[in-house]
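# Understanding the architecture of this molecule
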Amino acid sequence: MSTILLSIGSNTFAKTNIDKAKRMLLFLFPDIVFSEPILTEPEDDKYAYLFRNVLAKANTEMSPEEVIDKIKQTERAVGRTPRDKYLGRMIIDIDLIQYDGRILRPQDYERDYVQQLLPTLPDLDVTIPGMSDPDTITDPEITEEED
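This one's a predicted model, so the numbers in the text were calculated from it and none came from an experiment.

### Overview of helix H2 (residues 64–78)
- Helix length check: H2 (15 residues) gives 21 Å between terminal C-alpha atoms against 21 Å at 1.5 Å per residue, within 8%.
- Along H2, the residues classified as buried are Pro64, Val67, Ile71, Thr74, Glu75 and Val78. Each buried residue of H2 sits inside an arc of 100 degrees when the element is viewed along its axis, so together they form one side. Exposed side chains of H2 directed beyond 90 degrees from the buried face belong to Glu65 and Arg76.
- Looking at the packing, one finds that the buried side of H2 touches strand S1 (2–10), helix H1 (14–28), strand S4 (51–60) and strand S5 (93–99).
- Two residues or fewer after H2 comes Gly79, characterised by a positive phi angle close to 130 degrees.

Encoded structure:
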C-alpha cells in the first residue's frame, strides 16, 4: 500500500468543479482525506482569476502511472479540455505530487499553498493485511527523500 499526495485546483466554477472531482476521487480512493480549500493568486499571467486549491492524501495499490491515468480521466470527466489552458481557464487540475514518500513534482511541492495546507492533512490509518489482530499504524510525516 502506497500513500499519495494530490494537488487539486480550479479557477472556473471552482467550488463546483472541485466538489465534483472530490466525489470522483472518493470513488477511486475510498480512504482519501482532503484539506480545507485555500484561494491563491495565479502564478502565470495567462490566468486572470483566483485559484481554489485543495490537497488530498490517500492510500492505493495502484502504480504511479495508474494513478496519473485515473486522475487525468477524472479531469476530463469534470470537463477539462486542452483548449481551456490557452483561454486562461482551469476547469480542474489534479496532479500527483508525491507517491510513497517520493516527491514527483518538486516545483509543485514547494508552492506556498502546498506547504501551508500540508500540515492540515490528517495522517491516514493503515491496516496491515494478513494479521489476525491487525494493528493500526500511522504514516510518517511526508518528507522529501534524498537520492
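### Quick notes on the pattern of salt bridges
- All chains considered together, the criterion is met by nine salt bridges.
- The salt bridge involving Asp19 is made with Lys15; its shortest N-O contact spans 2.8 Å. You can see Asp19 and its partner Lys15 sitting in helix H1, four residues apart, about one turn around the helix.
- One salt bridge in this structure joins Asp108 and Arg105, with 2.5 Å as the shortest N-O distance.

Quick notes on the rules
In this numbering scheme, every chain counts its residues from 1 along its sequence in written order. Given that the model is predicted, a residue must reach a pLDDT of at least 70 before its local features are reported, and side-chain atom pairs must reach 80 or more before they are shown or counted; all residues, however, enter totals for whole chains, interfaces and linings. Here the side-chain values reflect all heavy atoms present in the structure, with hydrogen atoms and water set aside. Counting from the N terminus, the helices are DSSP H or I runs at least four residues long and the strands are E runs at least two residues long. By definition here, a helix of n residues has an expected span of 1.5 Å times n minus one. Three labels apply to residues, based on accessible area from a 1.4 Å probe with only protein chains included: buried if under 20% of the type maximum, exposed if over 50%, partly exposed otherwise in between. Here the arc refers to the directions that run from the helix axis out to each C-beta atom. Working rule for contacts: check all heavy atoms of both residues, and any pair within 4.5 Å makes them a contact. Whenever a carboxyl oxygen of Asp or Glu lies within 4 Å of a side-chain nitrogen of Lys or Arg, that contact is scored as a salt bridge.

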